[in-house]
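Remarks on the overall topology
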Amino acid sequence: MTNEFPQALTIAGSDSGGGAGMQADLKTIQMRHVFATMVVVAVTAQNTLGVQDALALPTEIIDAQFASLADDFKIRAAKTGMIAKGGAKLLADEAITTVKEELSPLATLVTPNLPEAEALTGLKAERPADMVKIGQALQKLGPKNVLVKGGHLGGDQAASDFVLMEDGTSFWMTSPRIDTVRTHGTGDTISACITAELAKGVGLEQAIRTAKGYVEATIRDTIQVGHGPLNHWAL
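This report concerns the structure included in the present document. (Residues numbered from 1 in each chain as written. Predicted model: local features only at pLDDT ≥ 70, side-chain atom pairs only at ≥ 80, totals over all residues. Heavy atoms only, no water.)

**Brief notes about unusual backbone geometry**
Of note in this structure, Asn3 is not a glycine but carries a positive phi near 60°. One can find Asn3 in the segment before strand E1 (7–15). Phi is positive for His33, which is not a glycine, with a value near 65°. When its relative accessible area of 61% is taken as the criterion, His33 is described as exposed. (Helix = DSSP H or I, 4+ residues; strand = E, 2+ residues; numbered from the N terminus. Buried < 20%, exposed > 50% of the residue type's maximum accessible area, 1.4 Å probe, protein only.)

**Remarks on the environment of Ala67**
Here Ala67 lies in helix H2 (residues 59–70). For the pair Ala67 and Ile194, spaced 127 residues apart in sequence, the C-alpha to C-alpha distance is 24 Å.

**Description of the side chain of Ser175**
Along the chain, Ser175 falls in strand E8 (residues 170–176). Within the local environment of Ser175, its side chain forms a polar contact with the side chain of Lys212, the two groups lying 3.4 Å apart. (Polar contact = N/O pair within 3.5 Å; in protein donor to acceptor, adjacent residues only side chain to side chain.)

**Quick word on the nonpolar core**
One finds Leu147, Val163, Ile194 and Ile208 to be the most contacted residues of the largest nonpolar core, which totals 17 residues. Those elements that place two or more of their residues in this core are E8, helix H6 (186–199) and helix H7 (204–220). If you tally residues by element for this core, the top one is H7, at seven residues. Once residues lying within four places of it in the same chain are set aside, the contact partners of Ile194 are Leu109, Thr111, Leu147, Leu204, Ala207, Ile208 and Ala211. Within the second largest apolar cluster, 15 residues are counted, among which are Met131, Val146, Val148 and Leu164. (Core = buried A, V, L, I, M, F, W, Y, C linked by side-chain atoms within 4.5 Å. Contact = heavy atoms within 4.5 Å.)

**Regarding the packing of aromatic side chains**
By the definition in use, this model includes two aromatic pairs. Summarising the aromatic geometry, the rings of Phe35 and Phe73 are spaced 5.9 Å apart at their centres and angled 20° between planes, so their arrangement reads as stacked. Taken together, the residues Phe35 in strand E2 (residues 35–47) and Phe73 in the loop between H2 and strand E4 (77–80) connect sequence positions 38 residues apart. Phe73 gets classed as partly exposed once you look at its relative accessible area, which sits at 28%. Between the aromatic rings of Phe162 and Trp172, the centroid separation amounts to 5.1 Å while the plane-to-plane angle is 50°, which identifies the pairing as tilted. Here Trp172 lies in strand E8 and Phe162 lies in strand E7 (residues 158–164), a separation of ten residues in the sequence. Since its relative accessible area comes to 3%, Phe162 is described here as buried. Given the relative accessible area of 35%, Trp172 is considered partly exposed. (Phe/Tyr/Trp six-rings, centres within 6.5 Å; stacked < 30°, edge-to-face > 60°.)

**Looking at the pairing of E1**
Buried residues dominate E1, accounting for nine of its nine residues. Two elements, E1 and E2, share nine bridges in a ladder whose sense is parallel. Bridged to Asp15 within E2 is Thr44. Between the parallel pair E1 and E2, the chain is carried across by helix H1 (residues 21–31), and the sense of this crossover is right-handed. In this structure, E1 lies alongside E4, joined through four bridges in parallel fashion. Residue pairing in the sheet places Ala8 in a bridge with Ala77 of E4. (Pairing = 2+ DSSP bridges. Right-handed = clockwise from strand over helix to strand, strands pointing away.)

**Regarding the sheet that holds E7**
The strand order across the open sheet built from four strands is E5-E6-E7-E8, with neighbouring strands paired in mixed fashion. A single partner strand is all that each edge strand has here, and the edge strands are strand E5 (109–110) and E8. Looking at chain direction, strand E6 (residues 145–149) and E7 are connected through four bridges and run antiparallel. Bridge pairing links Val146 to Leu164 in E7. Each of E6, E7 and E8 is contacted by helix H5 (residues 128–140), which is oriented at about 145° to E6, the strand it contacts most. (Axes fitted to C-alpha atoms, helices over the stretch in contact; angles between N-to-C directions.)

Here you go:
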C-alpha cells in the first residue's frame, strides 16, 4: 500500500535555538517513528533562555504550505500552538480570542500549561483542585479532551497533570519533580508525542500516558547544551 506510513503535521513557529517550537515537534515526531511534516507560521529569534523576537508569516504562504501538503501527504494527526511559558507573548490578544472561540472547538485535545490555561479561562491555579475547575472550564470552550499540565503549580515532590476526557472521566498523571532548569520545550514535546502516537493509531489515553513518560525521560536524561533544552534522544 502506498502512502500508508504514519504521517503527522505540526503547525508552529520556528525556534532558532532548536529546543522548542517546530524543531522540538519535528525531533519528537521522528523519534516516535512517525514521518513529520510542517507548516511554518512564524519565525522566532529564540534560544533556551527565552524569545527575543518573533515575526508572523503572511497568510498567503501559510495557505500555500497547507495546499502543498494536501497534494502529497496523508496526514493522520496534526498539532498547533504558540503561547510560551517563559513570559514571551507570542499571540496578540485577538489571536487568543480566536484560539478560544474558533480553534478550541475543533480540537480533539488541548494541552495548556497553567499560564496558558489561566489566559484562556481567566481562572487561577493555586492548588490541584483548581486544575480540575480549569479543565472543566476549558472543556466548555469546545475541545473534546483536556490535559492541564501542572508543572508550574510548584511543590518539591511531584509534578501532576490533570486529564479530562470527552466522556466525563478523568485521571491524574504524577511523576517525580526533577531538580533541573533544563525543561525548555516540554509543552511542545508532550503535545508532539501525543500527536505522533495518534498518527500511529494509538488510543488517546495511552497516547497521553506515553507522552508523559517520554517527556519525563527527556528531562531526566539531560544533555549539556545551552541553558535548558530537553534530550529528545531519550527513550
